Number of protein chains: 2
Amino acid sequence: MFKPVIPVRAYERVVEQIEQAIVEGDLQPGARLPSERDLMTQFGVSRSTIREALRVLQSNGLVRSRPGDPRGPEVLGVSAVNLHNSMNRLARATMSLGELLQFRMLLEGSAYRLAALLRSEEELAEMEAALAEMRAAVDDGYSAFSAADVTFHDAVARATQNKLVVVCSDVVRGVVLDLIADRLAHADDQRALMLTYLRHHTEVLQAIRDQDGVRASRLARQALHDSYASYLPEEQRAMLAPLLD
Amino acid sequence: MFKPVIPVRAYERVVEQIEQAIVEGDLQPGARLPSERDLMTQFGVSRSTIREALRVLQSNGLVRSRPGDPRGPEVLGVSAVNLHNSMNRLARATMSLGELLQFRMLLEGSAYRLAALLRSEEELAEMEAALAEMRAAVDDGYSAFSAADVTFHDAVARATQNKLVVVCSDVVRGVVLDLIADRLAHADDQRALMLTYLRHHTEVLQAIRDQDGVRASRLARQALHDSYASYLPEEQRAMLAPLLD
DNA sequence: TGGCATTTGTACGTATGTATC
DNA sequence: AGATACATACGTACAAATGCC
């Protein structure tokens, strides 16, 4: 019959109103909010309340305020930074390596399929460049190699033209690499590892070049499985098998 | 040689430290933070600074503080609510229906494959129950039908045992349904629509029953495409085709 | 049960460094 | 270069709410 009453703080209502104005498009990116002093008169609350609201909006990437700027806080618009942060946090704090790898295989499997068929020539060139960089970095050690690897995967994700694919791929790849970073650092033969990765990437890029989505997807999933399954505890390996052909 | 200096606010360093303690597990859910006054002495900053930090943490779902609680702010731990919120915001504010459908086909295509092979008998029973509910709700109107539909999809997502699959599916499905809600409400023959959905769900559930992941995946993607592609502007339909067999 | 101590929510004032015109 | 307006940060104060005895 009756619903529990949740007290709504003053700063929350300030956040609500400003956030809505930004999401609805009434406040375009680049626009300026009134100064904190103006906001306190407009909302009829104290400066602290306004500041708490602005901090929340800022942590969500919606606005940015700099000291001394007479034009007031800047509207940044809706960005992916907060999504990135919260997904990162959830992944690191609550997900097993198996769960993450499963999601990465699921995501990249389809992303590579899409990328193979939707890519432009410019995007293909970016991937080629990243692969060349990887090849060149084999002798420069693993960290340089890994940076080029990230560039490659990012180019593929961006070729899908799908914002959620880009963000999810980026986050999940980052967390997975972090979780096994120490084991990679102590690998017996880093060079052999890099050469294996290089072969995988070369094959999948050929499939993307050929616009063969099904092959690109299969290669991507298989490569992920082959590269990382050995780092998994025995009982988590079964989660990955259903995603292989 | 030198990198640009980004000013780090006092409250950000407070957020960093507390957030890290929560994500690393040093602060378990249910634990209590020191009172604001204690925090200001421990961090050596003013109370406003502490409060701004707490607001940010609270908006990220990591802590909750209630007025008058002598035990101090409560640690909630890392949950998916913030991920849910930020993904929702990004999807609604910046993504086209085509982009969302593309992601949904990508995600559910693999999710159904996983669910078919990893589901337990209990999870299968949940899906059966949800489908029965849908069947019964055909005569109760679209909103009741849709609620049962959500239950079905959620049961499938949870059967994957993958937190990111659950959250992403939930968000994307919600936004897609919202975007076409008005067009569904004015559909000429809602009953025929519901019967079509019902047939799709019956087929895909049979595939899950048979543990035929490939078939479940293909049926799920095809059903999404058949159900929603007509709501897309012409130029966005090409984005979906690469995800069909 | 009621009262007390403590905590949070909010408001206001002030000093300081900074960006813009 | 100076004036102005701004955000940052600190401190104090008081009301409302909570938990505990």
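Calculation notes
Residues numbered from 1 in each chain as written. Chains lettered and ligands numbered in written order. Predicted model: local features only at pLDDT ≥ 70, side-chain atom pairs only at ≥ 80, totals over all residues. Heavy atoms only, no water. Least-squares fit on C-alpha atoms with pLDDT ≥ 70 in both. Contact = heavy atoms within 4.5 Å. Domains from an automatic or database assignment. Phe/Tyr/Trp six-rings, centres within 6.5 Å; stacked < 30°, edge-to-face > 60°. Helix = DSSP H or I, 4+ residues; strand = E, 2+ residues; numbered from the N terminus. Buried < 20%, exposed > 50% of the residue type's maximum accessible area, 1.4 Å probe, protein only. Polar contact = N/O pair within 3.5 Å; in protein donor to acceptor, adjacent residues only side chain to side chain. Near = heavy atom within 4 Å. Nonpolar A, V, L, I, M, F, W, Y, C, P; charged D, E, K, R; others polar. Axes fitted to C-alpha atoms, helices over the stretch in contact; angles between N-to-C directions. Parallel < 35°, antiparallel > 145°, perpendicular 65-115°, else oblique. Left-handed = near helix turned anticlockwise from the far one by under 90°. Expected span 1.5 Å × (residues − 1). Buried area = accessible area lost by both parts, 1.4 Å probe. Salt bridge = Lys/Arg side-chain N within 4 Å of Asp/Glu carboxyl O. Arc of directions from axis to C-beta.

**Q** Got a minute to help me understand the relation of the copies chain B and chain A in this structure?
**A** Each of the two chain copies goes to the other by way of a rotation about an axis and a shift along it. For these two chains of identical sequence, chain B goes onto chain A by a turn of 180° and a shift of 0.4 Å along the axis, with RMSD 0.6 Å. Such a turn and shift between the copies fits a two-fold axis. A shared interface surface links the copies, since 100% of the contact residues of chain B are contact residues in chain A too.

**Q** Would you mind showing me how to read the domain arrangement of chain A here?
**A** Often the size quoted for an interface is simply the accessible area lost on bringing the parts together. Splitting chain A by domain gives domain 1 (10-75) and domain 2 (95-243). Each of domain 1 of chain A and domain 2 of chain A has a C-alpha centre, and the two are 40 Å apart.

**Q** Quick question: what am I supposed to make of the packing of aromatic side chains here?
**A** Residue and element names in this part refer to chain A. With the rule as written, the count across this model stands at six aromatic pairs over all chains. Ring centres 6.5 Å apart and planes at 25° place the aromatic pair F145 and Y197 in the stacked group. Here Y197 lies in helix α10 (residues 190-209) and F145 lies in helix α7 (residues 142-159), a separation of 52 residues in the sequence. Overall, Y197 belongs to the buried group, its relative accessible area being 6%. Put simply, the rings of Y142, F145 and Y197 touch in pairs and so form one group of aromatic residues.

**Q** For this particular structure, what's the right way to read the side chain of D69 of chain B?
**A** If you trace the backbone, D69 of chain B turns up in the loop between β1 (63-64) and β2 (74-75). Looking at D69 of chain B, its side chain comes within polar contact range of the side chain of R32 of chain B, at 3.2 Å.

**Q** Just checking my understanding: could you explain the protein's contact with DNA strand D for this structure?
**A** Surrounding DNA strand D, one finds 27 residues, the nearest of these being R47 of chain A together with S46, T49, R66 and G68 of chain B. Counted by atom, the contact set of DNA strand D within 4 Å of the protein is 70% sugar and phosphate. In the model, a sugar or linking oxygen of DNA strand D is placed 3.4 Å from a nitrogen or oxygen of the P67 of chain B main chain. Mapped by element, the contributors of at least two residues to the surface near DNA strand D are α2 (36-43) and α3 (47-59) of chain A together with α3 (47-59) of chain B. Tallied by class, residues from the surface near DNA strand D come to seven nonpolar, eight polar and twelve charged.

**Q** I would appreciate a short explanation of the packing of helix α1 (residues 10-23) of chain B against α3 of chain B in the present structure.
**A** A pair of packed helices can be characterised by two numbers: the angle between their axes and the separation between those axes. Residue and element names in this part refer to chain B. Here α1 crosses α3 at 50°, and the two axes come no closer than 8 Å. Accordingly, the angle class assigned to the pair α1 and α3 is oblique. Relative to α3, the crossing made by α1 is right-handed. Counted together, A10, Y11, V14, V15, I18 and E19 of α1 and T49, I50, E52, A53, V56 and L57 of α3 form the full contact between these two elements. Looking at side-chain class alone, the contact of α1 with α3 contains nine nonpolar, one polar and two charged residues.

**Q** Looking at this model, I keep getting lost on helix α5 (residues 97-118) of chain A. Mind explaining?
**A** The α-helix advances 3.6 residues per turn, and as a result positions three or four apart in sequence lie on the same side. With 22 residues, α5 of chain A extends 30 Å from end C-alpha to end C-alpha; this agrees with the ideal 32 Å at 1.5 Å per step. In terms of burial, α5 of chain A is a largely internal element, 20 of the 22 residues being buried.

**Q** Mind showing me how you'd approach the interface of chain B and chain A here?
**A** With 53 residues of chain B at the interface, the matching set in chain A holds 53 residues. For the chain B and chain A pair, buried surface summed over both sides reaches about 4,700 Å², with 63% attributable to carbon and sulfur atoms. Summed over the shared surface of chain B and chain A, the result is ten salt bridges. Ionic pairing is found between D245 of chain A and R113 of chain B, a salt bridge with its closest N-O pair at 3.5 Å. Remark: the boundary between chain B and chain A carries 20 residue pairs in polar contact (both at pLDDT 80 or more).

**Q** Before we go on, may I ask you to explain the pattern of salt bridges in this structure?
**A** Where charged atoms from two side chains of opposite charge come close, those side chains can pair. By the definition in use, this model includes 46 salt bridges over all chains. Linking D170 of chain A and R173 of chain A is a salt bridge whose minimum nitrogen-to-oxygen distance equals 3.6 Å. Of this pair, D170 of chain A and R173 of chain A are both found in helix α8 (residues 163-179), three residues apart, which corresponds to roughly one turn of the helix. For D170 of chain A, a relative accessible area of 28% translates into the label partly exposed. Across the pair R104 of chain B and E108 of chain B runs a salt bridge, and its minimum N-O distance is 3.2 Å. On the criterion of helical spacing, the pair formed by R104 of chain B and E108 of chain B is a turn pair, its members being four residues apart in helix α5 (residues 97-118). Of the two residues, R104 of chain B and E108 of chain B, neither departs from the other in class, the shared state being buried. Overlapping salt bridges bring together E36, R47, R51 and R55 of chain A together with E52 of chain B as one network.

**Q** Teacher, can you tell me more about helix α6 (residues 121-137) of chain A here?
**A** Residue and element names in this part refer to chain A. Its 17 residues give α6 an end-to-end C-alpha distance of 24 Å, which sits within 8% of 24 Å, the value for a rise of 1.5 Å per residue. Turning to α6, its buried residues are E123, L124, M127, A130, L131, M134 and A137. Taken around the axis of α6, the buried residues stretch over an arc of 150°, which confines them to a single face. Summarising the geometry of α6, the exposed residues directed more than 90 degrees from the buried face are E121, E122 and A136. Buried residues along α6 sit against α5, α7 and α10.

**Q** How do you make sense of the environment of Y112 of chain B when you look at a structure like this?
**A** All names here are of chain B. Along the chain, Y112 turns up in helix α5. Not counting residues within four places of it along the chain, the set of residues in contact with Y112 comprises F152, H153, V156, V204, I208, A216, S217 and A220. For Y112, the side chain forms a polar contact with the side chain of H153, separated by 3.0 Å.

**Q** Sorry, what's going on with the protein's contact with DNA strand C here?
**A** Near DNA strand C lie 25 residues; those nearest to it are A10 and S46 of chain A together with R37, R47 and R51 of chain B. Sugar and phosphate atoms form 68% of the subset of DNA strand C atoms that lie within 4 Å of the protein. The separation between a base oxygen of DNA strand C and a polar side-chain atom of R47 of chain B is 2.8 Å. Contact between DNA strand C and R51 of chain B: a phosphate oxygen at 3.0 Å from a side-chain N or O atom of the residue. Its residues assigned to classes, the surface near DNA strand C shows seven nonpolar, eight polar and ten charged.

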